[in-house]
Structures are given as C-alpha cells and as structure tokens.
Amino acid sequence: MRITLLGAPGTGKGTQAAILNKRLGWPIISTGNLLRAAVEAKSELGMEVKDLIAHGELVSDQIALDLVRERLEQNDCHDGCILDGVPRTIVQADGLEEMGLHIDYCLLFDVADQVIISRLAGRHTCLACGGTYHLTNNPPREKGICDYCGAALRVRPDDQVKTITRRLEIYRERTACLIDYYDKRGLLRVIPTTDTLEETTELVLSVIGAK
Ligand code: AMP
C-alpha cells in the first residue's frame, strides 16, 4: 500500500512516518530528508536547493519527482511505502501517477496554525535519519541525541518563526489544493489532532486498515 502524508509543516507527518515505518516496515520517502541530506553532503543538488529550503520556498517539481524516482529504484517498496512531504503540488501528484506510483490513501493531518507554530519552534531534527523531536512534547531519551541512530540533533534553519510563516503560506498557496485533488479521487482521509502521538498512530492504522 502506498500512502502519502499531507498537511502543513509541523503537523506531525515526519513523526508519524517514523512510527509507521517501525510498525509496518514500509520505507519512508521524504523529499525533505533527501534534500537536507544533499545540502549536508554539499552535492551539486544540495548547493542548488540550499537557499530555497532555508527560505521556506519549494524546490522545483522536477527535482522533487527525480528524487522520488531515484528512491523507488531501490526496489524496497513492494509491500508499501510512506510518502512524507511529497507530492506538494498538483504537478507532482500527476507526476507520481505517471511514474506508476499510485497512491492508495492520502492522509491529511489537520492541525491549527497556532499549534503548528509552537510545535515547530521547539522542534529538533536528526539530519542523519530524519527523526524529529520536540523539546517538551516529544523529547529524545538522551538530550540532543537521536533515539533511532545516535546522531546529534539540530534545529533546522527553516524552523525559524519568520520562515515558518512563509512555509505555512506556501502550503496554502501551492499544496492545500491537493486536499481537493485526493478527495475527488476518493483517497482522502482526515486525521484530526489527538492528545498523544500514539492515538494518532492508532487512528492512522485503523483508517488505512492496517490494524
Ligand atoms: P519538509 O521536510 O517536508 O518540511 O521539507 C523541507 C523543505 O524541503 C521544504 O520547505 C521545501 O523547501 C523542500 N521540499 C521538500 N519536499 C518538497 C517537494 N515535494 N517539493 C518541493 N519542495 C520540497
């Protein structure tokens, strides 16, 4: 099964993707993580996208689709995969279909803007494996260290309040139209805010029939 996690930045997509990956064994395809890895590696792609990401702008549809295509070549997605942060535009959604990646469910993480801003402002991210934490809501076991891979946690450059506001704007302008896109295809499932990460995971698992 192929699911895509849709929602504004800070709605918990990456956190749930990591939990679902552990529970279901499906690989995560996160274009954000792939792009950050390219920036860290100072590759040609990394140099090209660094400033765009730091300012909260989207990279081109072509780049996002190429990253997904390359990742699919690893051939470990036969049982399922979790798309996190892609597609982000209608062009990308169509592009995924054209490359044969048919989405079974689009899960919309529905969270109020104020909650998003407070979550992002306290977020620490592992640039090695993509694990995300929150200083108070979801701290790592050991301060500053990723639970999953032991690498040092960092604050993402695009998690500054000014950039967060821009990322929310971009989400509304370019990405939110995917709600309608997947709804029309009967694939949209709304995941409301719950009190705990575990409740959200259980909700997701029951919505996609994986429980
Ligand atoms: P994320 O980790 O999903 O929040 O993505 C971080 C940043 O990477 C975004 O703000 C964009 O600059 C870029 N990015 C990630 N995924 C995409 C995508 N599918 N299309 C365009 N830009 C993306």
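Residues numbered from 1 in each chain as written. Predicted model: local features only at pLDDT ≥ 70, side-chain atom pairs only at ≥ 80, totals over all residues. Heavy atoms only, no water.

Asker: Can you explain the overall build of the protein chain? Please cite residues and give values.
Answerer: The secondary structure content of the protein chain amounts to 9 helices and 8 strands. For a compact globule of 211 residues, the expected C-alpha radius of gyration is about 17 Å, and the protein chain comes in at 16 Å, within 12% of that figure. Oriented by its inertia axes, the alpha-carbon framework of the protein chain measures out at about 40 × 40 × 35 Å. In the protein chain, which comprises 211 residues, the proportion classed as buried is 45%. Across the protein chain, every contact between residues at least 6 apart in sequence was considered, and the portion connecting residues at least 24 apart equals 71%. As displayed, the protein chain has an accessible area near 10,600 Å², and 50% of this comes from carbon and sulfur atoms. (Helix = DSSP H or I, 4+ residues; strand = E, 2+ residues; numbered from the N terminus. Rg over C-alpha atoms; globule rule 2.2 N^0.38 Å. Buried < 20%, exposed > 50% of the residue type's maximum accessible area, 1.4 Å probe, protein only. Contact = heavy atoms within 4.5 Å. Areas by Shrake-Rupley, 256 points an atom, 1.4 Å probe, with all protein chains shown as cover.)

Asker: Help me get a handle on the environment of L24, residues and values and all.
Answerer: Tracing the backbone shows L24 in helix α1 (residues 13-24). What makes L24 partly exposed here is its relative accessible area of 24%. Taking the C-alpha atoms as reference, L24 lies 9.4 Å from L205; in sequence the two are 181 residues apart.

Asker: If you had to explain the nonpolar core to someone new, which residues and values would you point to?
Answerer: One finds L83, L96 and Y182 to be the most contacted residues of the largest nonpolar core, which totals 26 residues. Within the residue set of this core, elements represented by two or more residues are α4 (61-72), β3 (81-84), α5 (90-98), β4 (105-110), α6 (113-121), α7 (161-175) and α8 (177-184). With residues near it in sequence (within four places) discarded, L83 still touches I3, T4, L5, I29, L96, L101 and I103. (Core = buried A, V, L, I, M, F, W, Y, C linked by side-chain atoms within 4.5 Å.)

Asker: Describe the site of the ligand, and please don't skip the residues or the numbers.
Answerer: In the vicinity of the ligand, 16 residues are found, and the nearest of them are T31, R36, E57, R88 and Q92. Note that an oxygen atom of the ligand is positioned 2.9 Å from one of the side-chain N or O atoms of R36. Measuring from a nitrogen atom of the ligand, one finds a backbone N or O atom of V59 at 3.1 Å. For the ligand, whose accessible area on its own is 480 Å², the fraction buried by protein is 96%. Considered class by class, the residues forming the shell around the ligand number 6 nonpolar, 4 polar and 6 charged. (Near = heavy atom within 4 Å. Polar contact = N/O pair within 3.5 Å; in protein donor to acceptor, adjacent residues only side chain to side chain. Nonpolar A, V, L, I, M, F, W, Y, C, P; charged D, E, K, R; others polar.)

Asker: I'd like a description of the sheet that holds strand β6 (residues 132-134), backed by residues and values.
Answerer: As summarised here, the arrangement of the 3 strands in space is β6-β5-β7, forming an open sheet in which the pairing is antiparallel. Across the chains shown, the open sheet's two edge strands, defined by having one partner strand only, are β6 and β7 (153-154). Here strand β5 (residues 123-126) runs beside β6; their pairing, made up of 3 bridges, is antiparallel. By the bridge assignment, T125 is partnered in β6 with T132. (Pairing = 2+ DSSP bridges.)

Asker: Which residues make up the pattern of salt bridges, and what values go with them?
Answerer: For the structure on display, the rule yields 12 salt bridges. The salt bridge involving E40 is made with R154; its shortest N-O contact spans 3.2 Å. With E40 in helix α2 (residues 31-40) and R154 in strand β7, this residue pair connects regions lying 114 residues apart in the sequence. The partly exposed category is assigned to E40, whose relative accessible area is 41%. (Salt bridge = Lys/Arg side-chain N within 4 Å of Asp/Glu carboxyl O.)

Asker: I'd like to hear about the sheet that holds β3, residue by residue, with values.
Answerer: Across a sheet, strands are paired by hydrogen bonds formed along the backbone, either parallel or antiparallel in direction. Across the sheet, which stays open at both edges, the 5 strands sit in the order β2-β3-β1-β4-β8 with parallel pairing between neighbours. The open sheet is flanked by β2 (28-30) and β8 (188-192), the only strands paired with a single partner. Across the sheet, the axes of successive neighbouring strands diverge by a mean angle of 25 degrees, strand direction being ignored. With 3 bridges connecting them, β2 and β3 associate as parallel partners. Considered in β3, the bridge of I29 is made with L83. Contacting β4 and β8, helix α9 (residues 197-207) crosses the sheet at an angle of about 160 degrees to β8. (Axes fitted to C-alpha atoms, helices over the stretch in contact; angles between N-to-C directions.)

Asker: Quick rundown of helix α3 (residues 44-54)? Include the residues and the values.
Answerer: For α3, the full list of buried residues reads G46, V49 and I53. Mapping the buried residues of α3 onto a view down its axis gives an arc of 90 degrees, with all of them on the same face. Residues E44, M47, E48 and D51 are exposed on α3 and point more than 90 degrees away from its buried face. Contacts from the buried residues of α3 go to α2 and α4. The first or second residue beyond α3 is G56, which carries a positive phi of 80 degrees. (Arc of directions from axis to C-beta.)

By themselves these figures say nothing about function.
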